[in-house]
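Spelled out from the first residue to the last, the chains are:
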Amino acid sequence: MEPEELFTVILENKREGELFRFFKSLENKQRKSLAPVIKKLAKHYLSYREIKKPGEQYSRYEQIATPEQYNILAFGSFFCFPEADLKKTFYAGTILDRNKLHLILEWFVPDWFDSYINSFGKTEYVPYQLNYDWLMELFKKGLVVPQKELLVKLIPGIPFERKENNHWLCKPENLLKYPETLNEHIWYLFEVESNIHYSDRYLTFANEQVKELSGWVSIIRNFAATGRIERKRLLRESILASNKNFNKVLSGWFADLFVALEPQKNELLSLQKELFTVLNSPHSKPVNTVLQQVKKIIPEKEFDVTSFLDAVPVLFANTTKNVVATALMIIENIARKKKDHFTQVARLCCQVFVQTDDELQVRAARIIEKFGDKSDEQLRTELTALRSVLLQNSQKILVDFLDTEFMHSSSHINFPGSEIVQAEERLQPILPVETTDDLLFLASQAFDNNESWHFDILPAALVNLQDRLTATVLPQLQPALQRALQTCRTGLRSTTGFYDHMLALFFIDVCVHLVRKYLTDASVLNDVFENFTQQDGNTTRKWMKIEPHSSYVSIWDNYYHDPFYLPCKQFLVEALEKIRQGDKLPLLSTPTHLPGWIDPEILVERIYLYQEQGAYAETWDGQLALSRCYLKSTDTAIALAKQKLKGEWLHLMLFLLQEEKEPTGEITQPSAWMIASLSLPHKKKYAALENSGYYENSFEKYTGQLGWRSIVEEYETDRYDYKLQKSVKVKDTRKILKIDFPQLRKKQETTGVQKFLNKLWNKQKTKELALLIYDYLSIKSQYFSHEHNDIRRAFLMVPNNPEAFLPEILYHSLKYPTFMGENDKRMVIAVLQVLHENWESQGEMAHLFLATSLLSSDKTAANFSAEIWLKNAPSEKINNALLGKIIGLHENIEFAPLKRLTDLIMQSLFNVSPAHNKMLHTVLQNILPELPATPIKNLKKLLEIFSELCSNNLQMFGPSITDKLSVWKETVSLKTVTETLLKKGNFVP
């Protein structure tokens, strides 16, 4: 009988006992020939069949193969399959049955056996049949050389044996069976992420054992005390493991282990370098653990004050309040005992004021008050620059350290003579990154969305300081690189967005470049890359394996491929290329003042450097720069441009700075001119740009001034019909805000004849237009997740023209009277925050956004809208007549309950000041004519408010309101208030 037939007989007749004798008789070639037969049989026997016994209502399904047949197929596959095919089977793990497999291994060991066993070190779960004792037996027989990844998965289970009722017994002596366990294998737990922490949290031990004395911490502590594990090495490895980017719980477990070992002062002093490294950990527990240990050694002469103080900026940027508070306590103790550090401690405390917690700020302020020198100019400058974020109590304490007049010259920036002044208040300068210390501090917090401008400042700093990234500085980038890699590994937090992920990838790309350029000096960064891997399903990739011409940031994308992220992505690609090429020209678009403005004088100086090098502005960096130029108080910048610039650069900047009313001279960079024109206050077309091609699409696309309607529309929806017991289509109505987005011009097809004529006439092909930032201001996301954390940075790409992006937000988040979800609400609030900070004389789209938000169902959004109005209405930056008309058009269909508006008026807008009442009267005066003849709900309250405003301001109203009042007075509930308004003598029709 042929082997194929014989195997089939053994399987069909469940003769499991004959299987091993059968395979012993086969040669390798015969075993290989059996593989296709086994696959075919397995497909049949491992499938399921329906079984329904007579009288039973429901069927059940069971596998065709019996347990004996399942085992025959499993071990047959072990004998005949290559490793890759065996791993694809259902029984890839079950063949590791020790009782059966050890008999086979005495006479048959496949050449892939070692690789197969070790492969479980890379899977999420290890078959329960494979344990440490079984693995070591295989090792002793020379069949397997266990790799650390597999050992780390198996070691945590060594000391635990399962008892009855799912209870466990702890037997530390199991660790002494093999000398390799404590001499070598146990140290792998400190290198590779494991589940060792689960035993101390989730195992239930037998009654005769106390849980606290039965876990791994207790075992290791006892072995260290008896000398079976080296204590010095254990202390060092446990504290380092708490900062090896393991998961949060495991990192905390190693911190607990370190504390449980009760390190003495002399041991702590010998481990200072390792301890201070942990202060960069992304997890708060290891950081707090180290800080508590540091407190014990501050009085000691060997305490390394300098190294600790160097780590303090990262601590002060921590988002955990307790970390910052402890760090403050420590440096205050340092200052008490080390007088020569007074100045440094006081200056370091300035960094605490980025925290918005009053208690932390007061504590830092008192330390500065106690140890700071009032004549220290650097300290005074830093504090004055932070004045806008100082809370009231902190300002009172530090009053003697703050300049009486809050003015900043631009001497801190590379170009002298720069100052921006607003009509009401000065813009706050962004402190530059001038030293590598500044860079290291910035990099430690740049991926946390603490400040929107960090996204621009970090690339600029890396470009400007690339020559200073020496052997001394490169290792200090390690914490920031760890944080960037951790950002990419763990995903986004509640306060971060996709821009943070993008920036982290850019920083990773820069570090990859630095490792390749300075292989020896950047070896620490290379080690970090080795410890982090990219996991894509079961595929693991090394960060350094990327091709030299490629980059991680260039292939970044979010789930919905939202276009509005692309300009900043391309900007980062340009910045990375500058670093790779050693290009030292500064980035044009780096903001100089909050929230994202560029001083026009500084922009002229930067462009001058580009002009000298023959470079152009038709880049994303250039577009961003022209979009962010602050266009007030430009006289000095105009004079500087006339002095330094020439040719197209000169005319472009004079046009942008509003010295020249029309584009003049040669236009070789049409995208730059178009961006400049859209940055100007008056968004209009220019004859000189007609041939550029940008006006072929709808111009409103660039300005955001689109048509809109509040309507009641009919739509179809699914509704469950209980009689028919199925979903049916029914018609319903809903109130909706419609935005008239322009249709993009379709490309015309060129016919064969036209192609021939074009060729005959040598018609030149029109140069393809460079895309503008505005071409990407759209959103594809169907559902928002973290976009609200990004939207501020997106709007600050075009701070001179924010309305271009507002229609997208209106369409996605405000088209219905109530928010569809929390993320839509967060998005609207984030946009309102931007508008509150940067509201100038806006057009209809901004007023539509404000009016719709005033009617919002969310109180936070409505209150933010009220704040915008309160701040800008008296200065006539808000068109109150337009705002009222829009609200009236909404309420014509009762888009939102009118009570939302009347409540907001009474709570926040009414009687704030005579000027505000006058403006509020204008708003209501333009609401009323748009309302329907049939009174809407809560109209009475609105008319009462209007009557009060009319009396207080002696205001008159016109015939459109008089006509409406005459109609509404026929309603009984409105009769009194309408007649009062109509009878007052100073109100004339």
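One numbering rule holds for all chains: residues counted from 1, following each sequence as written. Selection of residues for local features in this predicted model requires a pLDDT of at least 70, selection of side-chain atom pairs for listing and counting requires 80 or more, and totals for whole chains, interfaces and linings are taken over all residues. As a rule here, side-chain values cover all heavy atoms of the structure and leave hydrogens and water aside.

**Some points on the overall build of the protein chain**
And step 1. The helix and strand tally for the protein chain stands at 47 helices and 8 strands.
And step 2. Projected onto the principal axes, the alpha-carbon positions of the protein chain cover approximately 115 × 85 × 80 Å.
And step 3. Categorising residues by exposure relies on relative accessible area from a 1.4 Å probe, with only protein chains included: less than 20% of the type maximum marks a residue as buried, more than 50% marks it as exposed, and the intermediate range marks it as partly exposed. Counting the 989 residues in the protein chain, one finds 52% classified as buried.
And step 4. The contact criterion used throughout is that any non-hydrogen atoms of two residues lie within 4.5 Å. Put simply, 70% of the contacts in the protein chain that link residues at least 6 apart link residues at least 24 apart.
And step 5. Accessible area for the protein chain stands at about 47400 Å²; split by element, carbon and sulfur atoms hold 49% of it.
And step 6. The protein chain carries 119 positive and 122 negative side-chain charges, and their two centres are separated by 4 Å. Runs of H or I in DSSP of at least four residues are treated as helices and runs of E of at least two as strands, each being numbered from the N terminus. Calculation of accessible area relied on Shrake-Rupley with a 1.4 Å probe; when residues are assessed, cover is drawn exclusively from the protein chains displayed. Think of it this way: Lys and Arg go in the positive column, Asp and Glu in the negative one, and His and the chain ends go nowhere. The location of each charge is read from NZ of Lys, CZ of Arg, CG of Asp or CD of Glu.

**Structural notes on the nonpolar core**
And step 1. Nonpolar cores were defined as sets of buried Ala, Val, Leu, Ile, Met, Phe, Trp, Tyr and Cys residues, with membership established by side-chain atoms within 4.5 Å. Grouped together as the largest cluster of nonpolar side chains are 182 residues, with contacts concentrated most on F507 and I508.
And step 2. With 14 residues, the single largest contributor to this core is helix α27 (residues 498-517).
And step 3. Apart from the residues lying within four places of it in its own chain, the contact partners of F507 are A443, F447, L458, L462, L477, A480, L481 and A484.
And step 4. In this structure, L34, Y45, L182 and A364 belong to the second largest nonpolar core, which totals 137 residues.

**Examining the pairing of strand β7 (residues 707-721)**
And step 1. In this sheet, strand β8 (residues 726-740) lies alongside β7 in antiparallel orientation, the contact comprising 15 bridges. Bridging from a neighbouring strand, D718 pairs with K729 of β8.
And step 2. Pairing between strands is defined by DSSP: at least two bridges between the two strands are required. Between β7 and β8, which follow one another and run antiparallel, lie 4 residues, and Q725 among them has a positive phi close to 55°.

**Overview of the pattern of salt bridges**
And step 1. Criterion for a salt bridge: a side-chain nitrogen of Lys or Arg within 4 Å of a carboxyl oxygen of Asp or Glu. Per the stated rule, a full pass over the model turns up 45 salt bridges.
And step 2. We note a salt bridge from E161 to K171, for which the minimum N-O separation is 3.7 Å. Of this pair, E161 sits in strand β3 (residues 160-162) while K171 sits in the loop between β4 (168-170) and α10 (179-183); the two residues are 10 residues apart in sequence, bridging distant segments of the chain.
And step 3. In this structure E161 comes out as partly exposed when scored by relative accessible area, which is 30%.
And step 4. Among the salt bridges present, the one from K885 reaches E930, with a minimum N-O distance of 3.1 Å. Of the two residues, K885 is situated in helix α42 (residues 880-891) and E930 in the loop between α44 (914-927) and α45 (939-953); the sequence distance between them amounts to 45 residues.
And step 5. With relative accessibility at 38%, the residue K885 sits in the partly exposed group.

**Quick notes on unusual backbone geometry**
And step 1. Of the consecutive residues L594 and P595, the connecting peptide bond is found in the cis state with omega at -5°.
And step 2. You will see that N449, though not glycine, has its phi angle at about 60°, which is positive.
And step 3. Mapping N449 onto the fold places it in the loop between α24 (436-443) and α25 (454-464).
And step 4. One non-glycine residue with positive phi stands out, namely N911, at about 60°.
And step 5. Here N911 shows up in the loop between α43 (898-909) and α44.

**Some remarks on the environment of K295**
And step 1. Here K295 is to be found in helix α17 (residues 284-297).
And step 2. We classify K295 as partly exposed; its relative accessible area is 29%.
And step 3. Each C-alpha atom of the pair K295 and I330 lies 6.5 Å from the other, and the pair is 35 residues apart in sequence.
And step 4. Excluding anything up to four places from it in sequence, K295 contacts T326, M329 and I330.

**Re the environment of E605**
And step 1. Turning to its location among the elements, E605 is positioned in helix α30 (residues 600-613).
And step 2. On a C-alpha basis, the gap between E605 and T487 in space is 36 Å, while along the polypeptide they are 118 residues apart.

**Observations regarding the packing of aromatic side chains**
Each aromatic ring pair is characterised by the separation of its centres together with the angle its planes make.
And step 1. Two rings from Phe, Tyr or Trp (for Trp, the six-membered ring) form a pair when their centres are within 6.5 Å of each other. A pair whose planes differ by under 30 degrees is stacked, one over 60 is edge-to-face, and the rest are tilted. Within the structure shown, the criterion is met by 42 aromatic pairs.
And step 2. An angle of 20° between the planes, with centres 4.4 Å apart, marks the rings of F23 and F79 as stacked. Separated by 56 residues along the polypeptide, F23 in helix α2 (residues 19-24) and F79 in helix α4 (residues 67-80) bring together distant segments of the chain. In terms of burial, F23 and F79 fall into one category: buried.
And step 3. Judged by centre distance (6.2 Å) and plane angle (45°), the ring pair of W107 and F108 falls under tilted.
And step 4. Here, a charge over a ring is recorded when the distance from Lys NZ or Arg CZ to the ring centre is within 6 Å and its angle to the ring normal is within 35 degrees. Over the ring of W187 we find R233; its NZ or CZ atom is 4.1 Å from the centre of that ring.
And step 5. In this structure, K644 is placed above the aromatic ring of Y608, and the distance from its NZ or CZ to the ring centre is 5.0 Å.

**Quick word on the packing of helix α33 (residues 647-656) against helix α34 (residues 670-679)**
And step 1. Running from amino to carboxyl end, α33 crosses α34 at an angle of 15°, the nearest separation of the two axes being 9 Å. Classified by the angle between their axes, α33 and α34 sit roughly parallel to one another. Viewed along their axes, α33 and α34 form a crossing whose handedness is right-handed. Contacts between α33 and α34 pair E648, H651, L652, F655 and L656 from the former with A672, W673, A676, S677 and S679 from the latter. Throughout, an axis means a line fitted to C-alpha atoms (over the contacting stretch in the case of helices), and angles, computed between N-to-C directions, take values from 0 to 180 degrees. In what follows, roughly perpendicular refers to angles from 65 to 115 degrees, roughly parallel to angles under 35, roughly antiparallel to angles over 145, and oblique to any angle outside these ranges. In this scheme the crossing of two helices becomes right-handed for a clockwise turn of the near helix relative to the far one and left-handed for an anticlockwise turn of less than a right angle.

**Brief notes about the confidence of the model for the protein chain**
And step 1. The predictor attaches a confidence to each residue, called pLDDT, with possible values from 0 through 100. When pLDDT is averaged along the protein chain, the result is 87; 90% of the residues meet or exceed 70.
And step 2. Across residues 405-424, confidence stays below pLDDT 50; counting only partners more than four residues off in sequence or on other chains, it has 49 contacts.

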